[in-house]
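# A look at the structure
The chain contents come next:
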Amino acid sequence: MATYLEPQARLAIYAEGEFGKKHAKTAEGVIRYGRNPVAAVIDSAKSGATVREAVGLNCDAPIVASVGDSLKHSPSALLLGTAWTGGALPAHWRKDIIQALESGMDIVNGLHDFLENDAEISAVAKRHGRRLFDVRKPPMPLPVGAGLAKDLKQHVILTVGTDCSVGKMTASLELDAEAQRRGKRSKFIATGQTGIMICGEGIAIDRVIGDFMAGATEQMVMDAAKDHDYIFVEGQGSLSHPGFSGVSLALIHGSAPKTMILVTKATKTNICELPLPLPSLTTTIKANEHMASLLRPAKVVGIAMNTWGMSKEDADRAIQQAREETGLPCQDPVRDGVKELFDAIIANEENSK
């Protein structure tokens, strides 16, 4: 599991020029669900506002223009809150990272470029006694997947998607919270950098060597099964995405779920920014159920729909269309909660006994 910050560490979340935009989903996810207090968000384009004013999240942390301006709010770590496709470190971030280290902050990095491998940044960190948390760096050694999770009696639930960046982590976290509200022994399994930043542990599957992706997932599920009855595995990518389908399949076979929740975004028509149309919900359900059945049969029992940016009327219409297309319950986890989806999970558990 990834080593991470202490829960009391105060965060300055770095989202320069991006807060409230699609590439800053890490920043918003950590603010919405993270265990660490947020001291400030850094984005010069929105400085002077609060997080609540800028993006509507339940957080009154200020937005400031620079790393230097964040210091008056006493942060102890700078969290890089923007996730770019490909995960490279932008050159213009370097001076801000170095300033944060020189100002006494640790750095939380979710990029594919590891800061500990950067000679200049790692030297500054060492000189000032600060820590670099490259949360995407996988632990070693990891096993090859062996299908062990298919024999678990515990209920493993995997979120799968029509595309990447549609809300699989959010759906998984909301379902885990609902399970705990109902008195269930449940656990969220983080499989991406933002999930690790939120809960403090996990493995970023997209950084694991292909031979070990399913094994890493299997290892986390088997560990969680020792003292939990409901295990919510955060999905990644989509079987229909030509770049990320391998990660999605590794999660299916590594977790060997009993139940799946399909996650989609109502306003999406194409796979990411590619000239490829998004498959229908029914096509995606069939594909995921078929791939799961090669190891253990698993049903998609509900749709978690991301209706961000839509009016209530348009969101309700999209949700109703999904219900009619699939015959399954459909909810927006943020707007509506996940009670219907969790009821469907319980019903599937009862029917499979």
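See the structure above.
Residues numbered from 1 in each chain as written. Predicted model: local features only at pLDDT ≥ 70, side-chain atom pairs only at ≥ 80, totals over all residues. Heavy atoms only, no water.

### Quick look at the overall build of the chain
Selection criterion: The secondary structure listing takes helices from DSSP runs of H or I that are at least 4 residues long and strands from runs of E that are at least 2 residues long, numbered from the N terminus. Each radius of gyration is computed over the set of C-alpha atoms, and the globule rule expresses the reference value as 2.2 Å times the number of residues to the power 0.38. Working rule for contacts: check all heavy atoms of both residues, and any pair within 4.5 Å makes them a contact. Residue-level accessible areas treat just the shown protein chains as cover; the underlying method is Shrake-Rupley with a 1.4 Å probe. We count Lys and Arg on the positive side and Asp and Glu on the negative side, and we leave His and both chain ends out. Think of each charge as sitting on NZ of Lys, CZ of Arg, CG of Asp or CD of Glu.
Looking only at helices and strands, the chain features 13 helices and 12 strands. The C-alpha atoms of the chain give a radius of gyration of 20 Å, which matches the 20 Å a tight globule of 353 residues would have. Projected onto the principal axes, the alpha-carbon positions of the chain cover approximately 60 × 50 × 45 Å. Partitioning the intrachain contacts of the chain with sequence separation of at least 6 by distance along the chain shows that 73% fall at a separation of at least 24. Only carbon and sulfur atoms are counted for the fraction: they give 51% of the accessible area of the chain, which is about 14900 Å². Each charge class in the chain can be summarised by its mean position, and for the 39 positive and 42 negative side chains these summaries are 2 Å apart.

### Quick look at the environment of K226
Here is the rule we go by: The buried label goes to any residue with under 20% of its type's maximum accessible area, the exposed label to any with over 50%, and the partly exposed label to all in between, with areas taken from a 1.4 Å probe on protein chains only.
Note that K226 resides in the loop between α8 (213-224) and β9 (230-233). Taking relative accessible area as the criterion, K226 reaches 67% and is therefore assigned exposed. Residues K226 and L57 lie 169 residues apart in sequence; the distance between their C-alpha atoms is 35 Å.

### As for the nonpolar core
Inclusion rule: In plain words, nonpolar cores are sets of buried Ala, Val, Leu, Ile, Met, Phe, Trp, Tyr and Cys residues tied together by side-chain atoms within 4.5 Å.
Ranked by size, the top nonpolar core spans 40 residues in total, and within it I205, I231 and V233 carry the most contacts. When residues of this core are traced back to their parent elements, those giving at least two are β7 (155-161), α8, β9, α9 (245-255), β10 (259-265), α10 (281-293), β11 (299-306) and α11 (312-326). Top element by residues in this core is α8. It accounts for 6 residues. Excluding residues within four positions of it along the chain, I205 makes contact with T191, M213, A216, T217, M220, V247 and L251. Counting residues in each nonpolar core, the second largest holds 31 residues, with A15, A27, V38 and L57 among its members.

### Focus: the packing of aromatic side chains
To keep it simple, the criterion reads: Pairing of aromatic side chains here covers Phe, Tyr and the six-membered ring of Trp, requires ring centres within 6.5 Å, and sorts the geometry by plane angle: under 30 degrees stacked, over 60 edge-to-face, intermediate tilted.
All chains considered together, the criterion is met by 4 aromatic pairs. Pairing Y4 with F133 gives two aromatic rings, centres 6.2 Å apart and planes at 65 degrees, and the pair type is edge-to-face. In this pair, Y4 sits in the segment before β1 (11-14) while F133 sits in strand β6 (residues 132-134), placing the two residues 129 residues apart along the sequence. Relative accessible area serves as the criterion here: at 8%, Y4 is assigned to the buried category.

### Describing α11
This is how the line gets drawn: A helix's residues, less one, multiplied by 1.5 Å, set its expected span. In this description, one arc is meant: the one made by directions from the helix axis to the C-beta atoms.
Between its first and last C-alpha atoms α11 spans 21 Å; for 15 residues at 1.5 Å apiece the expected length is 21 Å, and the two agree. Residues of α11 that are buried include every one of A315, A318, I319, A322 and T326, and no others. Down the axis of α11, the buried set is contained in an arc of 95 degrees. They therefore lie on one face. Away from the buried face of α11 by more than 90 degrees, exposed residues E313 and E324 are located. Following α11 by one or two positions, G327 has its phi on the positive side, about 70 degrees.

### Some details on the pairing of β9
Put simply, the rule reads: Paired strands, as defined in this entry, are two strands with at least two bridges between them according to DSSP.
Burial along β9 is two-sided: Y230 and F232 facing one way and I231 and V233 facing the other are all buried. As defined by bridge partners, β7 adjoins β9 across 4 bridges and the pair is classed as parallel. Looking at β9, one finds that L158 is bridged to V233. Bridge analysis of strand β8 (residues 186-189) against β9 gives 4 bridges, and the strand direction is parallel. Paired with F188 across the two strands is F232, which belongs to β9.

### What about the pattern of salt bridges?
Filter applied, for reference: For this analysis, a salt bridge means a side-chain nitrogen from Lys or Arg found within 4 Å of a carboxyl oxygen belonging to Asp or Glu.
Within this structure, the stated rule accounts for 22 salt bridges. Measuring nitrogen to oxygen at the nearest pair gives 2.8 Å for the salt bridge that ties R182 to E178. For E178, a relative accessible area of 5% puts it in the buried group. Taking the shortest distance from any N to any O, the salt bridge between K312 and D316 comes out at 2.7 Å.

### As for the sheet that holds strand β4 (residues 77-80)
Basically, it comes down to this: What counts as an axis is a line fitted to C-alpha atoms, over the stretch in contact for a helix, and the angles between N-to-C directions run from 0 to 180 degrees.
The strand order across the open sheet built from 6 strands is β3-β2-β1-β4-β5-β6, with neighbouring strands paired in parallel fashion. Both edges of this open sheet fall to β3 (63-64) and β6, since each of them pairs with a single strand only. Inspection of the sheet shows β1 paired to strand β2 (residues 38-42) by 4 bridges, in the parallel sense. Bridge pairing in β2 links A12 to A40. Packing against the sheet, helix α4 (residues 94-102) makes contact with β1, β4, β5 (106-109) and β6, and its axis sits at approximately 160 degrees to β4.

### Regarding the sheet that holds β11
The 6 strands lie next to each other as β8-β9-β7-β10-β11-β12, forming an open sheet whose pairing is parallel. At either margin of the open sheet sits one strand with a lone partner, and together these are β8 and β12 (330-331). Running over the sheet, α8 touches β7, β8 and β9 and is turned about 155 degrees from β9.

### Details of unusual backbone geometry
Note the cis peptide between M140 and P141, where omega equals -5 degrees. Within the fold, P141 resides in the loop between β6 and β7. Despite not being glycine, S74 shows a phi value in the positive range, around 55 degrees. Inspection of the secondary structure puts S74 in the loop between α3 (67-70) and β4. The exposure class assigned to S74 is partly exposed, which follows from its relative accessible area of 48%.

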